[in-house]
Amino acid sequence: LQSTDMGNPYLVLYNTVLCGAWGYVLYLTVQTYFLEKGSTRDVYKAVELPLKAAQTAAILEVVHSAVGLVRSPVFITAMQVASRLWVLWGIIVPVPGPTTSGAVVLGSVGGVTLQLNLVSLLVAWCLSEVVRYSFFALKELLGTVPYPSLWLRYSSFILLYPIGVASELTMAYLALPTIKKTGMWNLPMPNAFNWGFDYHWACLLVCATYLPGLPQLYGYMLTQRKKQLGGGAAKPKAKQA
Amino acid sequence: AIHKTVEHTALLAEEGKMKISVQSRSGKSIADLDVEPELSVRDFKKKFFGLKRKYYPSRQRFTLPLKAGETRATALEDSKKLSDYGLQSGAVLHFKDLGPQVGYATVFFWEYFGPLIVYPLFYFLPQYLYPGQAAPKQHALVQTLALGYWSLHYSKRIAETFLVHKFGHETMPIFNLFRNCVYYWGFAAYVSYFVNHPKYTAPGELQSKVALGIALVCQLCNLRCHVILANLRKPGEKGYKIPRGFLFNFITCANYTAEVYGWVCFTIAVQSIAAGIFTLVGLAQMAQWAVQKHSRLRKIFDGKEGREKYPRRWIMLPPFL
């Protein structure tokens, strides 16, 4: 099997479909918010269904990893998918009011207000996913990856990770007061199984894990970047030698 | 060019000694040492420490350069001699810094000492740890028995650390101390919070007493297993041995079996999902270790070249694993 052979056709299909789905979410976001000048609420109404479908489908990636179809570590993949699912199904969907219309304002640059809100979240998510899925689709299809795709995969995270993480924490920040007030998903004591669950506390705990998580992940991607891009254009040529 | 340099410096080594070139795994030269071939790896590490004061011996890891077809480099063992590895003058050794190390016994002590302090806090100080909740005047019997069992269990673990266990390694990375303490201390708080909660609902006393009684038996079995494991190697013996006797005749990691069943019984005794979660997580980790140990033993004791064949045994949890 040469490195230029096509890999698994199912993986080509999976990665292409998801790349398209996230591209579609991005298109709807841009059209609704930037072109039609809609509100972030309008954006949510437009993207709700394809967003839920695309993000939930990522559960398959944990399965792929567990059965050995792809080489990524199961635990790390599961953690990453779980965190996305928590933000979507655990924060935005149950508390749509504050999350889809709220924002954390960062400041103004040249008359443009910089905010962390649903749109910054969607842009960060969509761009990272389109880059990631297209990378894997091309890799499965062609055996090697064209340099532009390689570059994007190992460079886009530099801006997108911090913006994505900041937006995810913003969603939690906007939803937490409602979660605390309504006591949603709480399991109070006393009960026969002597166990309680306070969803508000659980969310705070998850947010706390972001703090050590991001520097570690970021550092890991930076070393990967040096390895993959450090050789520059020489790398793809070396494979054919 | 590299070959010539190595041969040239080899000629400069002292009579009866050989020159060892220590390099980083990326090929950068770190130090050259003149040593007798009969020098033990342990003493070689002491010599290296003399040159590089930052890297005390337990932080040092030396590997032979990869041979063709090898994916994992061979690491030098303390008890062997340099000549055991066929090293000639001019040989290259790769050095890796394992990072700050801490002793096994130290880690075991601190990770087990935390639960001894943390768990009772919720029993004795509910007014501070359950703010705003009126605690009943007296604890249920099972809550007191659970406190006793928990304290006994971790006291036993500390005693075993200093009196029973023979550790296979001397040190581990210092990050493990932090990680293990978070695990043990965190779960101690998590379990204790619910079992000693003001709104705790005790199951029937018979259920609790019988379950804790069986748990105690499991602890004694676990202790016996630990003693058998500690006595497997005679002083000075190296290498793996097949564990025998007691439950080891049927199960490779019988010590884990007893430990898991002990916690299952504890969970039944206190009837708390929090205790159940603690049991499951411990079970998952022990199962992982047990599978590794079992396959390692089966690989070593393959029945060839006069070696024994590892007998058919459960790994950890009959009838499941």
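Residues numbered from 1 in each chain as written. Chains lettered and ligands numbered in written order. Predicted model: local features only at pLDDT ≥ 70, side-chain atom pairs only at ≥ 80, totals over all residues. Heavy atoms only, no water.

(A) Structural view of the overall build of chain B. For chain B, the helix and strand inventory stands at nine helices and six strands. Compactness check: chain B gives a C-alpha radius of gyration of 26 Å against a globular reference of 20 Å for 321 residues, more than 25% above the reference. C-alpha extents for chain B along the principal axes are approximately 85 × 50 × 35 Å. A burial count over chain B gives 40% of its 321 residues as buried. By sequence separation, contacts in chain B at least 24 residues apart represent 71% of the contacts at least 6 residues apart. Taken as a whole, chain B presents about 18,200 Å² of accessible surface, with 62% of it coming from carbon and sulfur. On chain B, the mean spot of the 41 positive side-chain charges and the mean spot of the 22 negative ones are 9 Å from each other. (Helix = DSSP H or I, 4+ residues; strand = E, 2+ residues; numbered from the N terminus. Rg over C-alpha atoms; globule rule 2.2 N^0.38 Å. Buried < 20%, exposed > 50% of the residue type's maximum accessible area, 1.4 Å probe, protein only. Contact = heavy atoms within 4.5 Å. Areas by Shrake-Rupley, 256 points an atom, 1.4 Å probe, with all protein chains shown as cover. Lys, Arg positive; Asp, Glu negative; His and termini not counted. Charge placed at Lys NZ, Arg CZ, Asp CG, Glu CD.)

(B) The arrangement of the sheet that holds strand β4 (residues 91–97) of chain B in detail. All names here are of chain B. Spatial ordering of the open sheet is given by β2-β1-β4-β3, a layout of four strands whose pairing is mixed. A single partner strand is all that each edge strand has here, and the edge strands are β2 (29–35) and β3 (60–63). Ignoring strand direction, the axes of neighbouring strands in this sheet form an average angle of 30°. Across six bridges, strand β1 (residues 18–24) lies against β2 in antiparallel orientation. Looking at β2, one finds that Met 18 is bridged to Val 35. Sitting on the sheet, helix α2 (residues 41–51) touches β1, β2, β3 and β4, and the angle it makes with β2 is about 125°. (Pairing = 2+ DSSP bridges. Axes fitted to C-alpha atoms, helices over the stretch in contact; angles between N-to-C directions.)

(C) Focus on the pattern of salt bridges. According to the stated counting rule, one finds 18 salt bridges over all chains in the structure shown. Its salt-bridge partner being Arg84(A), residue Glu129(A) comes within 3.6 Å of it at the nearest N-O pair. Here Glu129(A) is found in helix α6 (residues 118–142), whereas its partner Arg84(A) is found in helix α4 (residues 74–92), with 45 residues between them in sequence. Each member of the pair, Glu129(A) as well as Arg84(A), is classed as buried. Linking Arg307(B) and Asp302(B) is a salt bridge whose minimum nitrogen-to-oxygen distance equals 3.0 Å. Among the residues examined, Arg307(B) registers a relative accessible area of 36% and is labelled partly exposed. You can call Asp302(B) partly exposed: its relative accessible area is 23%. (Salt bridge = Lys/Arg side-chain N within 4 Å of Asp/Glu carboxyl O.)

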